[in-house]
Amino acid sequence: GAVVSQHPSWVICKSGTSVKIECRSLDFQATTMFWYRQFPKQSLMLMATSNEGSKATYEQGVEKDKFLINHASLTLSTLTVTSAHPEDSSFYICSASMGETQYFGPGTRLLVL
Amino acid sequence: GEDVEQSLFLSVREGDSSVINCTYTDSSSTYLYWYKQEPGAGLQLLTYIFSNMDMKQDQRLTVLLNKKDKHLSLRIADTQTGDSAIYFCAEIRNTGRRALTFGSGTRLQVQP
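Fair warning: this is a prediction, and the values are worked out from it, not measured in the lab.

A closer look at the overall build of chain B
Across its full length, chain B carries 0 helices and 11 strands. Starting at the N terminus and walking to the C terminus, you meet the elements of chain B as β-β-β-β-β-β-β-β-β-β-β. What you see for chain B is a C-alpha radius of gyration of 13 Å, in line with the 13 Å of a compact globule of 112 residues. Here the C-alpha coordinates of chain B stretch approximately 45 × 30 × 20 Å along the principal axes. Within the span of chain B, comprising 112 residues, buried residues form 45% of the whole. A separation threshold of at least 6 residues defines the contact pool for chain B, and within that pool the share at least 24 residues apart is 55%. Working note: accessible area of chain B is about 5,700 Å², and carbon and sulfur atoms make up 45% of it. Across chain B, 12 positive and 13 negative side-chain charges occur, with their mean positions spaced 3 Å apart.

Observations concerning the side chain of Thr62 of chain B
Residues and elements named next belong to chain B. Within the secondary structure, Thr62 sits in strand β7 (residues 61-66). Note on Thr62: relative accessible area 10%, which makes it buried. Those residues within four positions of Thr62 in sequence are excluded, and the remaining contacts are Met55, Lys56, Gln57, Ser73, Leu74 and Arg75.

Here we look at the side chain of Ser95 of chain A
Residues and elements named next belong to chain A. Tracing the sequence through the fold places Ser95 in strand β9 (residues 90-98). Accessibility expressed as a relative area gives 0% for Ser95, which makes it buried. At a separation of 2.6 Å, a polar atom in the side chain of Ser95 contacts the side chain of Gln102. When neighbours within four sequence positions are excluded, Ser95 is seen to be in contact with Thr32, Met33, Phe34, Tyr36, Gln102, Tyr103 and Phe104.

Some words on the sheet that holds strand β1 (residues 5-6) of chain B
Residues and elements named next belong to chain B. Strands sit in the order β1-β3-β8-β7-β6 across an open sheet of 5 strands; the sheet is antiparallel. Every interior strand has two partners, whereas the edge strands, β1 and β6 (55-58), have only one. Bridge count between β7 and strand β8 (residues 71-76): 6 bridges; the pairing is antiparallel. Bridge pairing links Thr62 to Arg75 in β8.

Focus on the interface of chain B and chain A
Opposite the 20 residues of chain B that make contact, chain A presents 21 residues. Interface area, chain B with chain A, both sides summed: about 1,500 Å², of which 54% is carbon and sulfur. It is Leu43, Arg97 and Arg98 of chain B that lose the most area in chain B upon contact with chain A, and together they represent 29% of the buried surface on that side. Across the contact surface, chain B and chain A share 0 salt bridges. Applying the counting rule to chain B against chain A returns 6 residue pairs in polar contact (both at pLDDT 80 or more). Those elements giving two or more residues to the side of chain B that touches chain A turn out to be β4 (31-37), β5 (43-50), β9 (85-92) and β10 (100-102) of chain B. If one sorts the elements of the side of chain B that touches chain A by residue count, β4 of chain B sits on top with 4 residues. Among the residues making up the side of chain B that touches chain A, the classes are represented as 12 nonpolar, 5 polar and 3 charged.

Re the state of the cysteines
All told, the structure shown has 2 disulfides over all chains when counted by the stated rule. The partner cysteine of Cys23 of chain A in its disulfide is Cys94 of chain A, sulfur to sulfur 2.0 Å. Disulfide Cys23 of chain A-Cys94 of chain A: the torsion about the S-S bond is 80°, which places it as right-handed. Separated by 71 residues along the polypeptide, Cys23 of chain A in strand β3 (residues 19-25) and Cys94 of chain A in strand β9 bring together distant segments of the chain. Note on cysteine connectivity: Cys22 of chain B is disulfide-linked to Cys89 of chain B, with sulfurs 1.9 Å apart. The disulfide joining Cys22 of chain B to Cys89 of chain B has a torsion of about 65° about its S-S bond and is therefore right-handed. Note that Cys22 of chain B is positioned in strand β3 (residues 18-23) and Cys89 of chain B in strand β9, a separation of 67 residues in sequence. In terms of burial, Cys22 of chain B and Cys89 of chain B fall into one category: buried. Left without a disulfide partner, Cys13 of chain A is nearest to the cysteine sulfur of Cys94 of chain A, which lies 18 Å away.

Cut-offs and rules
- Residues numbered from 1 in each chain as written.
- Chains lettered and ligands numbered in written order.
- Predicted model: local features only at pLDDT ≥ 70, side-chain atom pairs only at ≥ 80, totals over all residues.
- Heavy atoms only, no water.
- Helix = DSSP H or I, 4+ residues; strand = E, 2+ residues; numbered from the N terminus.
- Rg over C-alpha atoms; globule rule 2.2 N^0.38 Å.
- Buried < 20%, exposed > 50% of the residue type's maximum accessible area, 1.4 Å probe, protein only.
- Contact = heavy atoms within 4.5 Å.
- Areas by Shrake-Rupley, 256 points an atom, 1.4 Å probe, with all protein chains shown as cover.
- Lys, Arg positive; Asp, Glu negative; His and termini not counted.
- Charge placed at Lys NZ, Arg CZ, Asp CG, Glu CD.
- Polar contact = N/O pair within 3.5 Å; in protein donor to acceptor, adjacent residues only side chain to side chain.
- Pairing = 2+ DSSP bridges.
- Buried area = accessible area lost by both parts, 1.4 Å probe.
- Salt bridge = Lys/Arg side-chain N within 4 Å of Asp/Glu carboxyl O.
- Nonpolar A, V, L, I, M, F, W, Y, C, P; charged D, E, K, R; others polar.
- Disulfide = S-S within 2.5 Å.

Here's what the structure looks like:
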């Protein structure tokens with residue numbers, strides 16, 4: 001149990017395009033999901049907290065108009081990187097809460113050319 | 001301090017025990033976690049401990065918690081080459097949000 005999937009697992013896109021990443025809890029419902037970003041050889045940094053049916057809460061320094069988050073159902077949250085630039089290239093990981101525990105997806109590697 | 005601190009690197013021989021240490025920041029953190037990350041992968045929850053416990057054992061894993069010093073450790077018995085990975089400790093700070101704050105990660109290298 002407690003499986004979280006992400007799609008796609010990796011994506012290469014041109015600068016200026018938008019990319020959507022999906023995060024799904026496969027066998028449980030999650031009212032709260034989280035989006036993290038991880039640079040090479042570094043720890044995870046929280047980008048935003050995604051709450052089902054309400055607006056996401058963004059961390060300081062994260063542009064909400066650039067990183068659009070939608071949590072339309074109890075099993076799906078999406079992160080859209082709008083007008084992507086090379087500096088947005090990173091490893092994006094989502095997690096879903098079940099009780100006191102967060103379960104993580106396998107991550108999405110984004111490369112913006 | 002403000003950061004969850006971990007040593008960056010640990011090297012052990014196969015069959016030995018590994019001890020990974022972590023100093024966290026929020027004395028009111030209710031749960032503390034250990035996650036494992038293999039190259040290019042997401043995070044795998046290894047274990048967690050409730051703050052009113054001093055120790056938790058789960059097969060080869062033993063977690064020790066010293067609340068007074070805000071120190072958390074993960075001991076891996078009979079370390080195997082498959083245990084080579086990055087290990088993150090994490091806390092949920094008493095900020096009203098339920099997001100995890102991670103340490104910098106400890107890279108464990110197991111020598112055959």
